[in-house]
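A structural walkthrough
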Amino acid sequence: MVIKTDLCAYTEYRIYPGRGQRFVAKDGKVSFFINSKADSLFHQRIKAVKLRWTQAWRRMNKKGKVDEQAKKRTRKAQKFQKAIVGMSLDDIKKKKA
């Protein structure tokens, strides 16, 4: 059996049937909130990105879903020798050997 769930317009959490609060703006846009806390913060115009417990913050700060993408490997700087003033590269190699 599949349960129809909606997403909270503010936190992006799943809202199961019988939960949540629907808000219809003057322009007719429907927002669905998981609880009154999310509803209140939305109406105070507090950005979801600034709150650590929202999915928007987690996405912005690259939290979770680490296993889906392999982390970028940093390349190690390659060593190479340069000639020094007064000595050519061949002279330096001869001294080292």
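For the structure, check the block above.
Residues numbered from 1 in each chain as written. Predicted model: local features only at pLDDT ≥ 70, side-chain atom pairs only at ≥ 80, totals over all residues. Heavy atoms only, no water.

**Comments concerning the packing of aromatic side chains**
Selection rule: Pairing of aromatic rings covers Phe, Tyr and Trp, the last counted by its six-membered ring, and requires centre-to-centre distances within 6.5 Å; plane angles under 30 degrees mean stacked, over 60 mean edge-to-face, and any other angle means tilted. We call a charge positioned over a ring when the NZ of a Lys or the CZ of an Arg lies within 6 Å of the ring centre and within 35 degrees of the ring normal.
With the rule as written, the count across this model stands at 1 aromatic pair. Ring centres 4.9 Å apart and planes at 50° place the aromatic pair Phe33 and Phe42 in the tilted group. The aromatic ring of Phe32 is capped on one face by Arg22, whose charged end is 4.4 Å from the ring centroid. Sitting over the face of the ring of Trp53, Lys37 holds its NZ or CZ atom 4.2 Å from the ring centroid.

**Considering the pattern of salt bridges**
Just so we agree on the cut-off: Salt bridge, as used here: a side-chain nitrogen of Lys or Arg that lies within 4 Å of a carboxyl oxygen of Asp or Glu. Numbering of helices and strands runs from the N terminus; a helix is a DSSP stretch of H or I covering at least four residues, while a strand is a stretch of E covering at least two. When a residue's accessible area, from a 1.4 Å probe over protein chains only, is under 20% of the maximum for its type it is buried; when over 50% it is exposed; and in between it is partly exposed.
Under the criterion given, the structure shown has 3 salt bridges. With a closest N to O distance of 3.9 Å, Asp6 and Arg22 form a salt bridge. A residue pair is termed long-range when its members are at least 10 positions apart, and Asp6 in strand E1 (residues 6–7) and Arg22 in strand E3 (residues 21–24) qualify at 16 residues. Of the residues examined, Asp6 reaches a relative accessible area of 25% and is grouped as partly exposed. Relative accessible area serves as the criterion here: at 56%, Arg22 is assigned to the exposed category. One network of salt bridges, in which partners are shared, links Lys4, Asp6 and Arg22.

**Observations regarding the nonpolar core**
The nonpolar side chains of soluble globular proteins are, as a tendency, buried together. For the record, the criterion: The term nonpolar core refers to a set of buried residues drawn from Ala, Val, Leu, Ile, Met, Phe, Trp, Tyr and Cys, joined through side-chain atoms within 4.5 Å. Note on contacts: a residue pair qualifies if any of its non-hydrogen atoms lie within 4.5 Å across the two residues.
If you look at the biggest cluster of nonpolar residues, it comprises 10 residues: Cys8, Tyr10, Ile15, Phe32, Phe33, Ala38, Leu41, Ala48, Leu51 and Ala56. Breaking this core down by element, the ones donating at least two residues are strand E4 (30–33) and helix H1 (36–43). With sequence-adjacent residues up to four places away left out, Ala38 is seen in contact with Cys8, Tyr10, Thr11 and Phe33.

**A closer look at the side chain of Thr54**
Rules: As used in this structure description, the phrase polar contact means that two N or O atoms lie within 3.5 Å; if the pair is within protein, one of them must be able to donate a hydrogen and the other to accept it, and residues adjacent in sequence are counted only when both atoms belong to side chains.
Within the secondary structure, Thr54 is located in the loop between H1 and helix H2 (55–60). Look at Thr54 and you get buried, because its relative accessible area is 0%. Here Ala48 takes part through its backbone oxygen, which lies 2.5 Å from a polar atom of the side chain of Thr54. If sequence neighbours within four positions are ignored, Thr54 has contacts with Tyr10, Thr11, Ala48 and Val49.

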